[in-house]
Amino acid sequence: MTLLATLDDADADLTACLARVMAAVLKPGDVVALQGPVGAGKTHFARAFIRARQGEAAEEVPSPTFTLVQTYADPLGTEIWHADLYRLTHPEELAELGLDEAMREAVVLVEWPEHGSPLEGALTIGLEPMADAPDLRRITLAGSEPHWGLMTRLPAIAKLIHRAGWSGARLRPLAGDASSRRYFRLVEDDGRSAVLMDASPGVTAPYVAMTQWLRALDLHAPEILATDQAQGLLLIEDLGDDLVARVLESRPELALRIYDRMTDLLVQLHGRESPDFVPRLDGPELAHQVGLFAEYYPPAVGAPGKGAEVAAVIERLHAELAADLPPVLGLRDFHAENVVWRDEAPLGLLDFQDAVAVHPAYDLVSALQDARRDVAPEIEAAQVARYIAATGVDEARFRAAYALLGAQRNLRIMGIFTRLAQREGKRRYLAMMPRVWAAIRRDLAHPALAPLAAALEGIPAPTPEAIEGIAG
């Protein structure tokens, strides 16, 4: 058993906060052993855990000292067992109580575990009152690192939430992005909500810097409420669940209005000089990134060696077609999954920490040639025209650059999807390949991209048979 984390000087409020954080991440089959002397806060911890897990359906949580076991319905699809083994007379009584079976199927919290048989694979939480401050306790988390390694993050999360004044909130996991970041929604009893971003230690500086820069332009990046940047933790404003992707699905009649607003946001954003702290996404870098296509896709569809000239052609075409305009800030993943619809209020922005300085057409391509959903051709055409009219850029050159950046971005996506399927077993993206390939063919129809079309000759389309081959 490995010591995973410690939390010192925890009062009752912080102890309960840690329990609520843990309630958001435990799953069926997880067993927690609560150790400590009488009055250390074991039942207090369990009570906060159970009530947070149950949310609005929370029940009273009495101590199981005399009943030995209390069971609770879990809205997340299992049961919660709360056991107190202090009065257990023989370890064999565990089986009689049904704990052995529950440990395979439920979330199980066990007080006084030392009075029973060893709980193999359990997370052990030790609660020890501080000698000089009996109202405070030292909390330790210990267990098998391969299984419980993520628990190392929980004390730091609890400390941030507690310090920010959100210690009474329940946490619920939110869908993440393609990175290793995790997100949780915090909900207080009064309806207040916020979002916790759990990233890697020391990597949140770009997000914080970009948030400050965007908000200074009156663009609605989520307000930062509290930070622990050393731990990679941010507590940010909750912009709600109305992602543009969801709104477009439920209210397709708003599509033109929504995309008008997205284009206008880019016009506003591009009216300012790009900040000096973001990297350049120029011709050489675009060429480097598109190398993923030739490396993964052609070999996967039976055309090894094809597409070897794609990167060089893109770099040359970028110098010819896109080098005339100064770079602007590109949010990089500006699409319907990362924009929040807020009716008449400014659009909400998400996932912008990887922003770059790039040609103005790049984010417009990201929004209008969306790998995840079809954008009507008339809407794409209208938005390109709207951007050109609003900015006064040279129409012919902008359209050529738009086609080039569209082809580059989509070829790279084809490479990424192939790699994800073959190396990580993530095959769900393969269904998007025909849409991405269709966008590539439309982009290649621009006369200025004839050299790129030639470099792609002989590479098969992602037919159902080709996709099946990629999936293996």
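Residues numbered from 1 in each chain as written. Predicted model: local features only at pLDDT ≥ 70, side-chain atom pairs only at ≥ 80, totals over all residues. Heavy atoms only, no water.

Q: When you look at the overall build of the protein chain in this model, what are you seeing that I'm missing?
A: Broken down by element type, the protein chain carries 17 helices and 16 strands. Referenced to the eigenvectors of the C-alpha coordinate spread, the extents of the protein chain come out at roughly 85 × 50 × 40 Å. Looking at the protein chain alone, contacts between residues at least 24 apart form 71% of all its contacts between residues at least 6 apart. When the accessible surface of the protein chain is summed, it comes to about 20700 Å², and 50% of that surface belongs to carbon and sulfur atoms. Separation of charge centres in the protein chain, based on 45 positive and 67 negative side chains, amounts to 3 Å. (Helix = DSSP H or I, 4+ residues; strand = E, 2+ residues; numbered from the N terminus. Contact = heavy atoms within 4.5 Å. Areas by Shrake-Rupley, 256 points an atom, 1.4 Å probe, with all protein chains shown as cover. Lys, Arg positive; Asp, Glu negative; His and termini not counted. Charge placed at Lys NZ, Arg CZ, Asp CG, Glu CD.)

Q: Sorry if this is basic, but what is going on with the packing of aromatic side chains here?
A: For any pair of aromatic rings, geometry is given as the distance between the ring centres together with the angle between the planes. Going through the model one piece at a time under the given rule, you end up with six aromatic pairs. Judged by centre distance (5.5 Å) and plane angle (25 degrees), the ring pair of Phe293 and Tyr297 falls under stacked. Of this pair, Phe293 and Tyr297 are both found in helix α10 (residues 283-300), four residues apart, which corresponds to roughly one turn of the helix. In this structure Phe293 comes out as buried when scored by relative accessible area, which is 0%. (Phe/Tyr/Trp six-rings, centres within 6.5 Å; stacked < 30°, edge-to-face > 60°. Buried < 20%, exposed > 50% of the residue type's maximum accessible area, 1.4 Å probe, protein only.)

Q: Could you clarify how one ought to interpret the sheet that holds strand β9 (residues 182-187) in this entry?
A: Backbone hydrogen bonds are what pair the strands of a sheet, in a parallel or an antiparallel way. Strand order in the open sheet formed by five strands is β8-β9-β10-β12-β11, with antiparallel pairing between adjacent strands. The outermost strands of the open sheet, each flanked by one partner alone, are β8 (170-174) and β11 (224-228). Pairs of neighbouring strands in the sheet enclose a mean axial angle of 20 degrees, with direction left out of account. (Pairing = 2+ DSSP bridges. Axes fitted to C-alpha atoms, helices over the stretch in contact; angles between N-to-C directions.)

Q: Please clarify how unusual backbone geometry should be interpreted in this entry.
A: Note on backbone geometry: most residues besides glycine have negative phi, and most peptide bonds are trans. Even without glycine at this site, Asp9 takes up a positive phi of about 55 degrees. Residue placement: Asp9 occurs in strand β1 (residues 2-10). Even without a glycine there, the phi angle at Asp343 is positive, about 55 degrees. Looking at the element boundaries, Asp343 is found in the loop between β14 (339-340) and β15 (348-349). The class for Asp343 is partly exposed, based on a relative accessible area of 45%.

Q: Please explain the environment of Gly302 as it appears in this structure.
A: Residue placement: Gly302 occurs in the loop between α10 and α11 (310-321). In the structure, Gly302 is positioned 168 residues away from Ile470 in sequence and 9.8 Å away in space, judged by C-alpha atoms.

Q: I would appreciate a short explanation of α10 in the present structure.
A: Residues that lie three or four places apart on an α-helix share one face, since the helix turns once every 3.6 residues. For α10, built from 18 residues, the straight-helix expectation of 26 Å at 1.5 Å per residue is met to within 8% by its first-to-last C-alpha distance of 26 Å. Its axis deflected by about 25 degrees at Gln289, α10 carries its strongest bend there. Restricting attention to buried positions, one finds in α10 the residues Gly283, Leu286, Ala287, Gln289, Val290, Leu292, Phe293, Tyr296, Tyr297, Pro298 and Ala300. In the core, the buried residues of α10 are packed alongside α11, α12 (361-368), α14 (395-424), α15 (433-444) and α17 (464-471). In this structure Asp282 caps α10, since a side-chain oxygen of it lies 3.2 Å from the backbone nitrogen of Glu285. Gly302, located one to two residues past α10, shows a positive phi value of around 80 degrees. (Expected span 1.5 Å × (residues − 1). Bend = angle between axes of the 7 residues up to and from the residue. Polar contact = N/O pair within 3.5 Å; in protein donor to acceptor, adjacent residues only side chain to side chain.)

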